[in-house]
Amino acid sequence: MKLVVEVVDAHDLMPKDGQGSASPFVEVDFQNQLSKTRTVPKNLNPVWNQKLVFHFDQPQNCTHQFIQVSVYNERRPIPGRNFLGRVRIPCSNIVRKGEEVYQSFQLENKWFFSPVKGEIGLKVYISPESETKSSPPPPLPPQPLSSPTSSPSPASLSSAVTSVSDNTISQPLAQVIAGESEKEVSAVDAVEKSKSQVKELKKIKVPPKVETAEHISKHQVLQHPGIFFEKRAEGVPFTMHSVTPQGHPAEPEDYNLKDTNPQLGERWPSGGVYRGRGWMSGERFASTYDLVEQMFYLYVRVVKAKNLLPSSITGSCDPYVEVKLGNYRGRTKHCEKKMNPEWNQVFAFSKDRIQSSVVEVLVKDKEMVGRDDYLGRVVFDLNEIPTRVPPDSPLAPQWCRLEDRRGEGKVRGEIMLAVWMGTQADEAFPDAWHADAASVYGEGVSSIRSKVYVSPKLWYLRVNVIEAQDVVPSDRSRLPEVFVKAQVGNQVLRTKICPVRTTNPLWNEDLVFVVAEPFEEQLSITVEDRVHPSKEEVLGKISLLLTEFEKRLDHRPVHSRWFNLEKYGFGILEADRRKELKFSSRVHLRVCLEGGYHVLDESTMYISDQRPTARQLWKQPVGILEVGILGAQGLLPLKMKDGRGSTDAYCVAKYGQKWVRTRTILDTFSPTWNEQYTWEVYDPCTVITLGVFDNCHLGGARGGGGGGGDKTSGSGVARDSRIGKVRIRLSTLEAHRIYTHSYPLLVLHPHGVKKMGELQLAVRFTALSVANMIYIYGHPLLPKMHYLHPFTVNQVENLRYQAMNIVAVRLGRAEPPLRKEVVEDMLDVDSHVWSMRRSKANFFRIMSLASGIISVGRWFGDVCNWKNPVTSVLVHILFLILIWYPELILPTLFLYMFLIGIWNYRIRPRLPPHMDTKVSWAEGVSPDELDEEFDTFPTSKSHDIVRMRYDRLRSVAARIQTVVGDIATQGERFQSLLSWRDPRATSLFIVFCLCAAVVLYSTPFRAVALIAGLYYLRHPRFRSKLPSVPSNFFKRLPARTDSLL
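Computed from a predicted model, the values in this text were never measured in an experiment.

Q: I'd like a description of the pattern of salt bridges, backed by residues and values.
A: Counted under the stated rule, the structure contains 55 salt bridges. Across the pair Asp828 and Arg727 runs a salt bridge whose closest N-O atoms are separated by 2.9 Å. Here Arg727 lies in strand S42 (residues 721–729) and Asp828 lies in the loop between helix H10 (820–826) and helix H11 (836–864), a separation of 101 residues in the sequence. Across this residue pair, the class does not change: Asp828 and Arg727 are buried. Across the salt bridge formed by Asp944 and Arg947, the nearest N and O atoms sit 3.1 Å from each other. Residue Asp944 and its partner Arg947 are both found in helix H15 (residues 943–975); the two are separated by 3 residues, about one turn of the helix. Residue class for Asp944 comes out exposed when judged on its relative accessible area of 56%. The network of salt bridges with shared partners includes Asp928, Asp931, Glu932, Asp935, Lys941, Arg949 and Arg952.

Here it is as C-alpha cells:
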C-alpha cells in the first residue's frame, strides 16, 4: 500500500521575507519519511499540485498516528527557512483512492502565540501498490528524448512527456488533438515494442529546449498540466489525454451567493412600482405580487349541478365531475344519491403544459360495477376564455346546459361553472387541484397545497409557591420532609425540600411554565413527603384551570390565594373515598400569566420576533418585509421512485408568528414556486428563516417516500427530509431595494458538508418611518420585563425547549399539518448540542476579532521602531498637537471613526449574508468530529471511541486551563503589589508611588504626558532589546500558583 498526499494549494499565508511576501514550500512527515514540494517564489497564495508518495505497510496499526504537513518559507540568499504553519491529519481519516476529496485545512501554530495564518488544500488517500507503481516516476534528463537509439520503457516515456512544461508542449498538443496527419499519435503495439514508442514520441515535434521539473525527493511525483499516456491491454493503442489540475478555487464558488436576474413584476398590474411610503390601502397592506415571475393558469371552478338524469336501475345517481384538458384529468369527489349535488372545487392547469384547444367538463354517474355512466358534458374553447387578474372581483359562475357525447344536442341537467385564465395571484390558487400533482391522492392531496400558519399565542405561567399549612404525614410519629410538585401538560417542576421539618413548611419559590392559548391543560399542584430517598408519598393534591388566573402586563404584584388540598386514599378504596376524604391542608400560591415577556421559541441569535405576549404592549410596525420564493435549482435526489432518484420539494418560511408553506412541486430537481408573502416588521434587527424540505407524505404508495436515507424514524413513520436552510437578517438589507439572489442550500452530513441545491429568492424590506427606525435602534432588544425580572440562563433554555415542543404539537394538528421535524429544524432544536466544529468556529471568530487589535498593536510597534520614518514623524506631530490642545482628543477620535466609516462605504457589503462554510468551520472538520456531532445523547458509541473523544476533550481543556491559569497569575500579581506578600517588592512599589505623587503634584500634566509619550516613541537606537524595568519588576511578583496542588 502507498499513502499519497496531494498538495494542491495554499491561501493567505503569513509574509516572512520582510517585503510583504514569502517563498513557501511544503514538507510532509509520515512515519519518519520526509518529502517536500518545490518552492513557489514570492507568492502568498501558492499552487503546487504535487503528489508525495509514502510507504504505508500496516494500515491497521495506524489509528493513533498522524501525517504532519508543514509549510515553510525558504530564505534567500542566506540558506534557511521560516515556519509558516502546520497541519496534523490523523491516519484514521484517510480514505481509499477514488473517495478522496479536496479538503482545506487551517494552518496551526507550534505554540500558542506564534504568528500563523492561512490555510492549505490537500487530498490524502491510500493507493494500491500496483497502481502506484504504474504512476510516472521523476522525470528523466532531456538527452534520451532526442536520442534515436535509446529504448525507454513505457513508464519512462510517459514520465518524459509529462515533464514537458506548458509553453513547450501546448502547441504540439493542440495539433495532436486537431488530428493533423503529420503529428498524429498512432502507436498500436506500444506495450511490446519500445522502438515504436520512440517513433511515436518523435512524431510529437517537441522543441529542442525541454524544461524538466526539479527532483526533490524519491517519494515525489510532480504533476503538471500537460499530456500523459494511458496504458491499455495488448493490441489496444495508447491514447493521449490532456491533464488539467483540479484545484480548490473552483469549489468554493459553489458555496457562494449568486446574483440572478429574474423577470419580476413586468406584466403585473401597476408594474410593481414603489409609491410613497409603501404599498398601503387604508389600514391594509396591499400585496402587489411584483417579486415573482408571472405564471398563467387555466382555472375551472365546479360549483354544483341540478336536475341530473337518474339511473334507470336505482332511480338515483352518484354524480361526480371530470375536467379534461389534453392528457390531464381532474376529478371531484362523488356525491351519493344526489340529483342536485354540490362540489365547489377548483381545478388549475398550467398554461405552459396545455396540450389542447378545448377544455371538457364531463358529468358522470359512479357505478359500483362496470363503467361509470355518462350524464353529459360542457366544452369551452380556450380562445374565448376571459382573463382575470386580482384585484378584479372573482368571476361569477354560470349555469350551463349539458350536451350529449357527440355535442349534437342538449340532455337533461345543468352545471354551474366558472372558467377563466388567471395567475398564481388568484385567491383560488392555494386550494386548487393542480394538474402537475395529479398522481397524488387521498390524504396526500392536502399536504401538497400552499398554506399560511400562525404560531399559538404563548404565555409564561409563573407559580409562586409560598407556603403550606397543616400538612400531616401518614406516619404521625415523624415530621415530614415536604416539597411541592407542579405539572402543566408534560412539564413537571418541583420546589426544594423545606430545610426545616415542620407541618407548616415555607418555600417562596417561583416555578415557570410555558402555556398556549387556548388553554387546554390544567395546573396540577401536589404536596409530597420524602419518606425515603427512593420513596415519596402524596399528602395532598389539587387541579386548577388556567383560565382562573390573572394576566399581568408589568411587574405589579398579584394577589395570592389559599387553595385547599384533597387527599386521596390508596388501593382498592381510592375510587370510593375520593369524594369523602376532603383534607384540611392548604397551600398558599401566587399564580399569574405573564404578558410582559416575549416567550422565546427560537434562539436569541437569530430571533424573528421580540414583541411581548400581550397585544396591548405592541408598537406600530416600522416596515414591511416581502419575500418572493421563486424556485430552486440543482436539488439532489432524496428518495427512489420507479427505480430512479426523485425529490418532491416545498419551501417553508418563518418570521414572527407567521409561517408560510409553498405548494409541493412533484418529481423535479428544479421546482418553480413563484409565490409571494408579506410580513409586518416590528424590529429590523430580526432574522427570517427559510427552509426547503422533501415531502414524504403524499399518500398511497408514495407515502413513505419510496425508501432511502433517513426518511423514516425508528417507529416507521415517514419524516420530511431537510434539503437546506437560509437565514436573512433584515438589518443587513437596504430599504426599498429588491435583492434577487440564489442562496446555496448547505447541509452538514456525518461525512461532511454537502450542497443540496440553490434557493432563488427575491427580498424587499420597506421602511415606513425613519423616526420609528431610529427609535427602535435605541430601544431594548426584548420587552422590559426581561430586564426587570430576568430569568436565569438555565430557565431560558428549558423554557425555550418547552415552547418549541408546544409550537410543534400545535402546528402538527393543523390541516395540512406542518410536521414536527420541519418545525424543529426551523427553530434549531439542536443548537445547544456540543460540537467540536462549532467550538473551533467560535474560537476562530474570537481570533478574527482580536486580529484587528493585534494589527493596531503591530502598527503602533512599527511606529515606535521607526519602520516607516514618515509615518513615525506624522504620529509625533499628531501627538504634540494633542498634548498642546488636549480638548481636541475626543473630537479627533470621533472624526477619525467618521472618516473610516465614510471610507468603508465604498467597499460595503452588496450582498445579504448567507451560510458560510468557512465561518462554520465545515470544510476542514474531520470525520470523527462530525460523527461526534451527530451522535445521540447519551452516546451510542463504543467505549474505545468514547475514551478517545474524552481524551481529546481533555487535551483541549488542558490548553484552556493553561491560558486561564496564566490570566489568573497576572491578576494575582497585580493584587500582590500592595498585599505585602513580597515585602521587598511592596516596599519598593509604595516608595515609587510616593515619589510619583510628589512629582505629579509639582509638574504640569502636559509635561508629564509629553515626556512619557516621547520616551515611548523614541528611536530604536535609544532602545534596548532587554525587557523594561517595570516588566522585570512585575514578572518577579508572587502569585498563588505556588499554593496549587
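On we go.
Q: Could you give an account of the packing of aromatic side chains, naming the residues involved and the relevant values?
A: Summed over the entire model, instances satisfying the criterion amount to 19 aromatic pairs. Ring pairs connect the aromatic residues Tyr297, Tyr299, Trp420 and Phe429, which therefore count as one cluster. Positioned above the aromatic ring of Phe296, the side-chain terminus of Lys351 is 5.1 Å from the ring centre. Across the ring face of Tyr606, the terminal group of Arg727 is positioned such that the distance to the ring centre comes to 3.9 Å.

Q: Help me get a handle on the sheet that holds strand S3 (residues 33–36), residues and values and all.
A: Spatial strand order, S3-S2-S5-S6: 4 strands in an open sheet with antiparallel pairing. With partners counted over all chains shown, the strands left at the sheet margins are S3 and strand S6 (81–90), one partner each. Each adjacent strand pair in this sheet contributes to an overall mean axis angle of 20°, direction not counted. Where strand S2 (residues 24–30) and S3 come together, 4 bridges link them in antiparallel fashion. Opposite Phe30, over in S3, you have Gln33 as the bridge partner.

Q: Account for unusual backbone geometry, naming residues and giving values.
A: Peptide bonds are, in most cases, trans, and in most cases residues other than glycine have a negative phi. Residue Glu517 is joined to Pro518 through a cis peptide bond whose omega torsion reads -5°. Along the chain, the position of Pro518 falls in the loop between strand S29 (506–516) and strand S30 (522–532). Geometrically, the link from Glu815 to Pro816 is a cis peptide bond, its omega value of 0° lying close to zero. Its place among the elements puts Pro816 in the loop between helix H9 (793–812) and H10. Non-glycine residue Asn344 carries a positive phi angle of around 55°. If you trace the backbone, Asn344 turns up in strand S19 (residues 342–350). Within the chain, Trp921 stands out as a residue other than glycine whose phi angle is a positive 60°. With respect to the helices and strands, the residue Trp921 is situated in the loop between helix H13 (889–905) and helix H14 (927–933).

Q: Give a description of a nonpolar patch on the surface that names residues and reports values.
A: A cluster of nonpolar side chains, Val870, Val873, Leu874, Ile877, Ile881, Trp884, Tyr885 and Leu888, forms an exposed patch at the surface whose accessible area comes to about 780 Å². Following the sequence through the fold, Val873 ends up in helix H12 (residues 869–884). Here Val873 falls in the partly exposed class, since its relative accessible area comes to 38%.

Q: Can you lay out the sheet that holds strand S39 (residues 658–661) for me, pointing to particular residues and giving the numbers?
A: Strand pairing within a sheet occurs via backbone hydrogen bonds; the two strands may be parallel or antiparallel. An order of S25-S39-S38-S41-S42 is seen for the 5 strands of this open sheet, with the pairing classed as antiparallel. The two strands at the open ends of the sheet, each matched to only one other strand, are strand S25 (451–454) and S42. The mean angle between the axes of side-by-side strands here comes to 20°, regardless of whether they run parallel or antiparallel. Bridging between strand S41 (residues 687–694) and S42 involves 8 bridges; their strand directions are antiparallel. Pairing of Asp694 across the sheet is with Ser721, part of S42.

Q: Residues and numbers for H12, please.
A: Along its 16 residues, H12 runs 23 Å from first to last C-alpha, staying within 8% of the 22 Å computed at 1.5 Å per residue. When H12 is considered as a whole, its buried residues turn out to be Ser872, Val875, His876, Phe879, Leu882 and Ile883. Buried residues of H12 fall within an arc of 130° about the axis and therefore sit on the same side. Among the exposed residues of H12, those pointing more than 90 degrees away from its buried face are Val870, Leu874 and Trp884. Where H12 is buried, its residues meet H11, H13 and helix H17 (1005–1016).

Q: Explain the environment of Cys400 to me, and be specific about the residues and the numbers.
A: Along the chain, the position of Cys400 falls in strand S22 (residues 398–403). Taking C-alpha positions, Cys400 is 5.3 Å from Ile415, a pair spaced 15 residues apart along the chain. With sequence-adjacent residues up to four places away left out, Cys400 is seen in contact with Val378, Phe380, Gly413, Glu414 and Ile415.

Q: Please give an account of the side chain of Thr686 that cites residues and values.
A: If you trace the backbone, Thr686 turns up in the loop between strand S40 (672–681) and S41. Polar side-chain contacts of Thr686 include one of 2.6 Å to the side chain of Tyr655. Among the polar contacts made by the side chain of Thr686, one reaches the main-chain carbonyl oxygen of Asp683 at a distance of 2.7 Å. Ignoring any residue separated from it by four or fewer positions in sequence, one finds Thr686 in contact with Ile607, Ser608, Asp609, Gln610, Tyr655, Ile728, Arg729 and Leu730.

About the cut-offs
- Residues numbered from 1 in each chain as written.
- Predicted model: local features only at pLDDT ≥ 70, side-chain atom pairs only at ≥ 80, totals over all residues.
- Heavy atoms only, no water.
- Salt bridge = Lys/Arg side-chain N within 4 Å of Asp/Glu carboxyl O.
- Helix = DSSP H or I, 4+ residues; strand = E, 2+ residues; numbered from the N terminus.
- Buried < 20%, exposed > 50% of the residue type's maximum accessible area, 1.4 Å probe, protein only.
- Phe/Tyr/Trp six-rings, centres within 6.5 Å; stacked < 30°, edge-to-face > 60°.
- Lys NZ or Arg CZ within 6 Å of the ring centre and 35° of its normal.
- Pairing = 2+ DSSP bridges.
- Axes fitted to C-alpha atoms, helices over the stretch in contact; angles between N-to-C directions.
- Patch = residues over 30% accessible without salt bridge, like charges linked within 9 Å, V, L, I, M, F, W, Y side chains within 5 Å.
- Areas by Shrake-Rupley, 256 points an atom, 1.4 Å probe, with all protein chains shown as cover.
- Expected span 1.5 Å × (residues − 1).
- Arc of directions from axis to C-beta.
- Contact = heavy atoms within 4.5 Å.
- Polar contact = N/O pair within 3.5 Å; in protein donor to acceptor, adjacent residues only side chain to side chain.

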